[in-house]
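# Structural overview
The lines below spell out each chain.
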Amino acid sequence: MKKKVTNGLNVFAFLLPALLLFVGVLIAPIILSGYYSFFDWNGFGAKTFIGISNYKELFTSNAIGFLKALRNSLLLAFLSVFIQLPMSLGLALILGRNIKGERGFLSVYFMPVLISTVVIGQLWLKIYNPSYGILNVTLTKLGLESLTRTWLGTKETALWACFVPTLWQYVGYHMLLLYAGVKSVSPELREAAKIDGATNGQINRYIVIPGIKPIIRVSVIFAITGSLKSFDLIYVLTNGGPLHATEVPSTLMINMLFLRNRYGMGSTIAVMLIILCFAFALLINKIFKEDK
Amino acid sequence: MRKVLATVLACVMMVSLVACGESAPAASTDNGSTAPAASTENTQVAADEKVDLEMWCIATESDSNRHSYEAAIADVTAAHPEVNFTWEAIENQAYKTKIKAAVAADEMPDIFFTWSCAFLGDFVEAGRVYCLDEAYEGFKSELPESMMGNSTYDGKHYGVPLTMNIVGLFANMEILKSVGYDAVPGTYEEFIACCDKLLENGIIPFGCAGKETWCVTEYLESVIEKSCGAQTLGDIFLGKATWNNADVAGAVDTFQSLVTNGYFDPDGIALTNDEVKANFMAGKYAFYMNGTWNCADFAGNDEFKDKVAVSEFPVINADKATLGQLIGGPSDTLAVAASSPNAALAAQFTFELGRQICHYGYLDGCGLPAWTPYGDTSTVNALTQTVAEICANANAYVLFGDTAMNADAANTYLSYVDQVYGCAIDGAGFVEGLTNDIG
């Protein structure tokens, strides 16, 4: 009995520093955000308790446009899952076959993940520049001048123009996760399937992909929560404009917190983001469990 | 033994974490109370004791005010050997975030740059800014009371103005001459005729950075002011009158017609102000409406300085507006944190610094002096001298809308300006929306 208590204390003592960090850095800010979301507060003056008014306003005010921002994020999440992840999976499956130059390709595809998002933003700003950007210049040279646009300045194209680099940047990230999974599939299984006459496509479909489902689940969670939290690239490229066409909840949150001095409303958006991320993570886990 | 050692190590780690937490000052969450002003005892500094003063501002390396800050700091620190002065310059947009976060946490530097009116007003209301009345007594003869108005709240002074600026209509005279104009047209009708002629010749009349909405307001506010008059616009910005004004709606439609007539660079909507300014200097546009702080950069460019002229936007409705009604005024300001342990000394230091920044800024052409100029000012560039002449004939100033209004209202206003520029709403929609959202 005494040994059990001592062991328990030891475990507690070992866990305490990490627990304190976890509570201080993650849990406490979430609780504080929840607390501030019930106040009308400019960040430095007196706080006024207003109950759930911020939540009501968030979902009903056209001036704030939270639903539109959320829709943009969900669209990005959809594209991430149905365009970005299949691309990543495809690359991972190809590279997982021990092709020539595998390491080199891995490094190249992973490189955008290593580059600072601000640098990538600046790079794509130049690509999209209406006057000298490579996109418009190429279209003009190909005689497709009618297709040239002010890509980041037009409501109709800005959102898609932001999505392209966002998806492109993280293809390598998901590819690396999935590649690790592909590599962990037993070579004996592949060889056995080959001996039985299975093609590469059949091996991938019936052996590799089912084998890496837990990793696919993790990738889907990362892709969706990452899309809901997307901020930096959009902030650099358009800052939510033109006419709020590229607004996402995070840019809206920054706008509320630091431009409009509405800390209560900013905290409300933060709380909604946390709830949505958790909800989606649970939902995805459930879907994959049922599938199992 | 291993377990005991490991437990001890874990405890040491935990204690060190707690110690780290103690070393950093905790952010205050009780914002209802007013921070006490520094007592006189705290500000008594022994002659042989160095006092630390820290300043945050926006005079980054690329800012046209950078030189004036450097020169002023050199002067004032030389005069105050007892002060150990450090300063940090942060990019404009990032600074707005940083200073607000610092004010929220009550971790401000001793001296900080701010915009006057509502921006500083929020900080004053929260009790975070040191009252400068006592220090101002020693500088009254050099700094007119009229220049202190935008940083005066409830009759108390909280800011030291630096330079003042207005919105100027900058013109590339080389381009204008190429279409037969020797001067910027003086009437609105002539001005529009000039724009049409420029378009006929394949030249874009206006450059405007749609990515930074404040650049659009430089045009829009001038059009509204020259259509409805300074009094009307000023009253609306200060909340004394409603946005529900048919004249304002008409003026917004006038501005939008400039957009729909193709006078603005369509690519400008995706460009930053720096890019648009560079395009203007490269000869892409004939006109560029922006703050007169640009005079320094334009006059400092050997290739461009002889091509550029500055003037006032023409009157659109002579029944309600006149020449001499301008957008602008003293906005750039230095303030002292109430939490500064040496607030009284910082206040004195700030006035001296403000005077010198104003002096060098004026000489460099970064704006007109809020302080009474001293010394030889004959070297001031021609553009700034023209701005001085415009201001000498001014009869009313309306401060920039996003500075005059509080942060929430200002951003709502900017959002509607965006929609007007993007032709998503017209003048009626603009006033209706702002009436509903602001009043």
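Everything quoted here is computed from the prediction, not taken from an experiment.

What counts, and at which threshold
Residues numbered from 1 in each chain as written. Chains lettered and ligands numbered in written order. Predicted model: local features only at pLDDT ≥ 70, side-chain atom pairs only at ≥ 80, totals over all residues. Helix = DSSP H or I, 4+ residues; strand = E, 2+ residues; numbered from the N terminus. Buried ≥ 20, exposed ≤ 12 C-beta atoms within 10 Å, placed from the backbone. Contact = placed C-beta atoms within 7 Å. Domains from an automatic or database assignment. Nonpolar A, V, L, I, M, F, W, Y, C, P; charged D, E, K, R; others polar. Pairing = 2+ DSSP bridges. Right-handed = clockwise from strand over helix to strand, strands pointing away. Core = buried A, V, L, I, M, F, W, Y, C linked by C-beta atoms within 7 Å. Expected span 1.5 Å × (residues − 1). Arc of directions from axis to C-beta. pLDDT = per-residue confidence, 0-100. Axes fitted to C-alpha atoms, helices over the stretch in contact; angles between N-to-C directions. Parallel < 35°, antiparallel > 145°, perpendicular 65-115°, else oblique. Left-handed = near helix turned anticlockwise from the far one by under 90°.

For chain B, the count of helices and strands is 18 helices and 14 strands. Looking at chain B residue by residue over its 439 residues, the buried ones come to 50%. Across chain B, every contact between residues at least 6 apart in sequence was considered, and the portion connecting residues at least 24 apart equals 79%.

Once that is clear, we can look at the overall build of chain A. If you tally the helices and strands in chain A, you get 13 helices and 2 strands. Reported as C-alpha extents along the three principal axes, the dimensions of chain A are approximately 85 × 75 × 30 Å. In chain A, which comprises 292 residues, the proportion classed as buried is 37%. Put simply, of all contacts in chain A between residues at least 6 apart along the chain, 70% involve residues at least 24 apart.

Residue and element names in this part refer to chain B. Looking at the assigned domains, one finds that chain B contains domain 1 (46–164 + 330–385) and domain 2 (166–327 + 400–437). Contacts between domain 1 and domain 2 engage 15 residues on the former and 16 residues on the latter. Counting only elements with at least two residues in the side of domain 1 that touches domain 2, the list comes to α5 (118–125) and α15 (382–392). If you tally residues by element for the side of domain 1 that touches domain 2, the top one is α5, at 3 residues. Split into classes, the residues belonging to the side of domain 1 that touches domain 2 amount to 6 nonpolar, 7 polar and 2 charged.

Right, let's talk about the pairing of strand β2 (residues 83–89) of chain B for a bit. Residue and element names in this part refer to chain B. Inspection of the sheet shows strand β1 (residues 51–57) paired to β2 by 7 bridges, in the parallel sense. Paired with V51 across the bridge in β2 is V83. Between β1 and its parallel partner β2, the chain crosses via helix α3 (residues 66–79), and the hand of that crossover is right-handed.

Our next topic: the interface of chain B and chain A. With 34 residues of chain B at the interface, the matching set in chain A holds 28 residues. Tallied by class, the residues present in the side of chain B that touches chain A amount to 14 nonpolar, 9 polar and 11 charged.

Attention now goes to the nonpolar core. By size, the foremost hydrophobic cluster in this structure holds 198 residues, and its most contacted members are I269 of chain A together with V129 and V336 of chain B. Broken down by element, this core gets its largest block of residues, 13 residues, from helix α14 (residues 343–364) of chain B. When residues are assigned to domains, this core turns out to be shared by domain 1 (46–164 + 330–385) and domain 2 (166–327 + 400–437) of chain B, each giving three or more.

Here 5 strands make up an open sheet; going across it, the order is β2-β1-β3-β12-β6 (chain B) and the pairing mixed. Of all strands in the sheet, those bounded by a partner on one side alone are β2 and β6 (160–161) of chain B.

Right, let's get into the environment of S340 of chain B. All names here are of chain B. By secondary structure assignment, the location of S340 is in the loop between β12 (332–336) and α14. Owing to 25 C-beta atoms within 10 Å, S340 belongs among the buried residues under this scheme. Between the C-alpha atom of S340 and that of R128, which follows or precedes it by 212 residues, the distance is 9.8 Å.

On to helix α8 (residues 188–200) of chain B. Given 3.6 residues to a turn, an α-helix orients residues that are three or four positions apart in the same direction. Residues and elements named next belong to chain B. For α8, built from 13 residues, the straight-helix expectation of 18 Å at 1.5 Å per residue is met to within 8% by its first-to-last C-alpha distance of 18 Å. When α8 is considered as a whole, its buried residues turn out to be C194, C195 and L198. Buried residues of α8, seen end-on, are gathered within an arc of 100° and therefore sit on one face of the element. When the buried face of α8 is taken as reference, the exposed residues oriented beyond 90 degrees from it are E189 and E200. The elements touched by buried residues of α8 are β8 (204–206) and β9 (285–291).

Turning next to the environment of L70 of chain A. By secondary structure assignment, the location of L70 of chain A is in helix α3 (residues 66–95). Sequence spacing of L70 of chain A and I115 of chain A is 45 residues, and the spatial spacing of their C-alpha atoms is 27 Å.

Right, let's get into the confidence of the model for chain B. Residue and element names in this part refer to chain B. A residue-level look at chain B finds 89% of positions with pLDDT of 70 or above and a mean pLDDT of 87. Note that residues 5–46 has pLDDT below 50 and, in this model, 49 contacts with residues that lie over four places away or in other chains. Predicted complex metrics record ipTM = 0.76 and pTM = 0.79.

Residues in a regular strand point their side chains to alternate faces of the sheet. All names here are of chain B. Most of β9 is tucked away, with 7 of its 7 residues classed as buried. In this sheet, β9 lies alongside strand β7 (residues 163–172) in antiparallel orientation, the contact comprising 5 bridges. Its bridge partner lying in β9, G168 is registered against N290. Where β8 and β9 come together, 2 bridges link them in parallel fashion.

Attention shifts here to the packing of α3 of chain A against helix α7 (residues 155–184) of chain A. All names here are of chain A. Here α3 crosses α7 at 40°, and the two axes come no closer than 7 Å. Classified by the angle between their axes, α3 and α7 sit oblique to one another. Seen along the crossing, α3 lies across α7 with a hand that is right-handed.

Here the focus is the packing of helix α9 (residues 213–228) of chain B against helix α11 (residues 246–260) of chain B. Residue and element names in this part refer to chain B. In the contact formed by α9 and α11, the axes pass within 9 Å of each other and the chain directions differ by 130°. As judged from the angle between their axes, α9 and α11 are oblique. Like other packed secondary-structure pairs, α9 and α11 cross with a definite hand, here right-handed. Facing Y219, L220, V223, I224, S227 and C228 of α9, the residues of α11 in contact are D247, V248, G250, A251, T254 and F255. Taken together, the residues of the contact of α9 with α11 sort by class into 8 nonpolar, 3 polar and 1 charged.

Put simply, G241 of chain A and P242 of chain A share a cis peptide bond, and its omega is -10°. By the secondary structure assignment, P242 of chain A is in the loop between α11 (232–237) and α12 (249–259). In the Ramachandran plot, D106 of chain B falls in the positive-phi region, its phi being about 55° despite a non-glycine side chain. Among the secondary structure elements, D106 of chain B is positioned in the loop between α4 (92–105) and β3 (111–115). Among the residues examined, D106 of chain B registers 19 C-beta atoms within 10 Å and is labelled partly exposed. The residue C117 of chain B is not glycine, and still its phi comes out positive at about 60°. On the secondary structure map, C117 of chain B appears in the loop between β3 and α5.

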